[in-house]
Amino acid sequence: MKHTIPARSGKAHRLEKGQSVRVINTHGNQVVDFWAFNANDFREYMGMEHCRAFWSRLFPVAGDKMLTNRRRAILTLVEDNSPGRHDTLIAPCDNERYGLLGCTHYHDNCRDNLHAGLANLGITIPYTPNSLNLFMNIPWRQDGSLEWGNCLCRPGDNVLFTAEMDCIVAFSACPQDMLPINNGTPTEAHFEIV
Ligand SMILES: [Zn+2]
């Protein structure tokens, strides 16, 4: 079944161990912030710092397991049908981030999208883990500097994850329109439970 993540919004969904979710970059320009929580204990969640240590890499490639903050596998990236650029360094955007970029009014953001998506499942958590930023292109240089790259995807590019434990997965179609990561135009994306 295909679910829409409306532009600038978030969704969450329960995933049983062994089920898979395909995250689809429908229009080819859209970063999707992605989280996973242990369905039985929300204090355990996919941890980017833990993943990078396990992979010895900045972002996952097909076959990599996603680790939680308790160093257990929560998901496996089974397929990557995209250019393979994802980001694990940048925190999910929030209203304060847009304020620092010069925005003077409330701006839709991935933090609030996460919590809105979880609230639709009756879940409240008091913190925001760092997200796996699917399709987000953050080139880095040897001197440590980062760039905000355009999204490199084509319409329909996608990634497939399989659950290694019962979990809650959450998605935000990132509403970033002040930096070029969504090629200037935040759009909807989709996910499919398979
Ligand atoms: Zn965002």
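Let me sum up the structure you'll find in this document.

Parameters at a glance
Residues numbered from 1 in each chain as written. Predicted model: local features only at pLDDT ≥ 70, side-chain atom pairs only at ≥ 80, totals over all residues. Heavy atoms only, no water. Helix = DSSP H or I, 4+ residues; strand = E, 2+ residues; numbered from the N terminus. Buried < 20%, exposed > 50% of the residue type's maximum accessible area, 1.4 Å probe, protein only. Areas by Shrake-Rupley, 256 points an atom, 1.4 Å probe, with all protein chains shown as cover. Pairing = 2+ DSSP bridges. Axes fitted to C-alpha atoms, helices over the stretch in contact; angles between N-to-C directions. Donors = N, O, S within 2.8 Å, 3.2 Å for Na, K, Ca; no water. Phe/Tyr/Trp six-rings, centres within 6.5 Å; stacked < 30°, edge-to-face > 60°. Salt bridge = Lys/Arg side-chain N within 4 Å of Asp/Glu carboxyl O.

## Structural notes on the overall build of the chain
Along the backbone of the chain there are three helices and 11 strands. From first element to last, N terminus to C terminus, the chain shows the α and β order β-β-β-β-β-α-β-β-α-α-β-β-β-β. The dimensions of the chain, computed from C-alpha atoms along their principal axes, are 40 × 40 × 30 Å. Across the 194 residues that make up the chain, the buried fraction comes to 52%. Taken as a whole, the chain presents about 8500 Å² of accessible surface, with 50% of it coming from carbon and sulfur.

## Some remarks on the sheet that holds strand β11 (residues 189-193)
Sheet strands line up and pair through hydrogen bonds in the backbone, either parallel or antiparallel. What the six strands build is an open sheet, ordered β1-β11-β3-β9-β7-β6; its pairing is antiparallel. The open sheet is flanked by β1 (2-5) and β6 (65-67), the only strands paired with a single partner. Between one strand axis and the next, the sheet turns through 25° on average, direction left out of account. As defined by bridge partners, strand β3 (residues 20-25) adjoins strand β9 (residues 157-163) across six bridges and the pair is classed as antiparallel. Looking across to β9, one finds that Val 21 is bridged to Phe 161.

## What to know about the coordination of the zinc ion
Distances from the zinc ion to its protein donors, Cys 93 (SG), Cys 110 (SG) and Cys 174 (SG), fall within 2.2 Å. Donor residues binding the zinc ion come from one chain and are separated in sequence as C-x16-C-x63-C. Of the two residues, Cys 93 sits in the loop between β7 (73-81) and α2 (95-100) while Cys 110 sits in helix α3 (residues 110-119), which places them 17 residues apart along the sequence. Pair check on accessibility: Cys 93 and Cys 110 agree, each one buried.

## Comments concerning unusual backbone geometry
What is expected of a backbone is that most residues other than glycine have negative phi and most peptide bonds are trans. You will see that Arg 71, though not glycine, has its phi angle at about 65°, which is positive. Looking at where Arg 71 falls in the secondary structure, it is placed in the loop between β6 and β7. The class for Arg 71 is exposed, based on a relative accessible area of 54%. A positive phi is found at Asn 183, a non-glycine position, where the angle reads about 55°. Structurally, the position occupied by Asn 183 is in the loop between β10 (167-173) and β11.

## Observations regarding the packing of aromatic side chains
Throughout the structure, instances matching the rule amount to six aromatic pairs. Geometrically, the ring pair formed by Phe 171 and Phe 191 is stacked, given 4.2 Å between the ring centres and 20° between the ring planes. Of this pair, Phe 171 sits in strand β10 while Phe 191 sits in strand β11, placing them 20 residues apart in sequence. According to the relative accessible area criterion, Phe 191 is buried, its value standing at 0%. Taken together, Phe 34, Phe 161, Phe 171 and Phe 191 form an aromatic cluster joined through their ring pairs.

## Here we look at the pairing of strand β5 (residues 41-45)
When strand β4 (residues 32-38) meets β5, the two strands line up antiparallel, connected through two bridges. Bridging across to β5, Phe 37 finds its partner in Tyr 45. The hairpin turn running from β4 into β5, its antiparallel successor, is two residues long.

## As for the pattern of salt bridges
Within the structure shown, the criterion is met by 14 salt bridges. The partner of Arg 14 in a salt bridge is Glu 16, and the shortest N-O contact between them spans 3.2 Å. Residues Arg 111 and Asp 112 are paired through a salt bridge, measuring 3.2 Å at the closest nitrogen-oxygen approach. Asp 112 gets classed as partly exposed once you look at its relative accessible area, which sits at 25%.

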